[in-house]
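Working through the structure, step by step
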Amino acid sequence: MRINLSDIPEEGQNFVCTPKTGELNAVLKDLLGNTPFHAEFFIKPLNSRDFEMSGFIRSELPEDCSRCGLDFKMKIHPTFREILIPRQTETRTGKYAKVNHISEAVDDGPSVAEYDGLVFNMGEYLHEVVAIAAPFNPAGPENENGDCSVCGIHVRGKSFSYNEEMPVEKPESPFAALKNIKLN
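A few points on the structure. (Residues numbered from 1 in each chain as written. Predicted model: local features only at pLDDT ≥ 70, side-chain atom pairs only at ≥ 80, totals over all residues. Heavy atoms only, no water.)

Here we take up the nonpolar core. Ranked by size, the top nonpolar core spans 27 residues in total, and within it Leu5, Phe41, Ile43, Phe120, Met122 and Tyr125 carry the most contacts. Secondary-structure elements contributing two or more residues to this core are strand S2 (13–17), helix H1 (25–32), strand S3 (37–45), strand S4 (51–64), strand S6 (79–86), strand S7 (111–115) and helix H2 (122–133). It is H2 that provides the largest number of residues to this core, a total of five residues. When near neighbours in sequence (up to four residues on either side) are disregarded, Phe41 contacts Met1, Ile3, Gln13, Asn14, Phe15, Cys17, Ser54, Gly55, Phe80, Met122 and Leu126. Among the nonpolar cores identified, the runner-up in size contains five residues, and Phe72, Met74, Cys148 and Val155 belong to it. (Core = buried A, V, L, I, M, F, W, Y, C linked by side-chain atoms within 4.5 Å. Buried < 20%, exposed > 50% of the residue type's maximum accessible area, 1.4 Å probe, protein only. Helix = DSSP H or I, 4+ residues; strand = E, 2+ residues; numbered from the N terminus. Contact = heavy atoms within 4.5 Å.)

This is the structure we're talking about:
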């Protein structure tokens, strides 16, 4: 889904995308499969070349539980707030080529996304938003009793790590080979 930013009115424009509208079906297929989704976002021009964009996408990701390995649907609801700016061409050693340390990052304001030639690829952007929303260790939600809603195992206070005891072999002395040597 490509949005021509020059067509956005001064008061802004609201967009709603679902599987029925079809604009994002192909680009989100590898992450969501046939799972329904609902995306809403609003784009408003700030000046002749910068735009403000905010919105959300709501869906479910097909995941494997990191506790028990069973398949389940994990609800996601990422929100985003961006300032859209024209793509900056910068050399490898340019002034803005070096990033700050991640510990300096504050996640309370808008971030920046770039567009090319007054066209913003919203499908590609939402694909990345959904991909980042996928957790590293997906696990089903707990019910009120502290049990996993996917498999029913009690999870509060339980460690799901796996430790296999490895047999410890006593290392052979480097001089052990000398006892088999025959001198004359």
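Past the structure itself, the notes keep going.
Our next topic: H2. Taking 1.5 Å of rise per residue, the 12 residues of H2 would be expected to cover 16 Å, and the 16 Å separating its terminal C-alpha atoms lies within 8% of that figure. Inspection of H2 places Met122, Gly123, Tyr125, Leu126, His127, Val129 and Val130 among the buried residues, and these make up the whole buried set. Near the N-terminus of H2, the side chain that reaches the backbone nitrogen of Gly123, with its oxygen 3.3 Å away, is that of Asn121. (Expected span 1.5 Å × (residues − 1). Polar contact = N/O pair within 3.5 Å; in protein donor to acceptor, adjacent residues only side chain to side chain.)

For the rest of this paragraph, the subject is the pattern of salt bridges. Applying the stated criterion across every chain yields a total of four salt bridges. Glu52 is the salt-bridge partner of Arg81, the closest N and O atoms lying 3.9 Å from each other. Of this pair, Arg81 sits in strand S6 while Glu52 sits in strand S4; the two residues are 29 residues apart in sequence, bridging distant segments of the chain. With a relative accessible area of 27%, Glu52 lands in the partly exposed category. Of the charged contacts, one joins Glu114 and Arg87 as a salt bridge, the two residues approaching to 3.0 Å between their closest N and O atoms. Residue Glu114 is located in strand S7, and its partner Arg87 is located in the loop between S6 and S7; the two are separated by 27 residues in the primary sequence. Judged by relative accessible area, which is 30%, Glu114 ranks as partly exposed. A single salt-bridge network, built from bridges that share partners, covers Arg87, Glu114 and Asp116. (Salt bridge = Lys/Arg side-chain N within 4 Å of Asp/Glu carboxyl O.)

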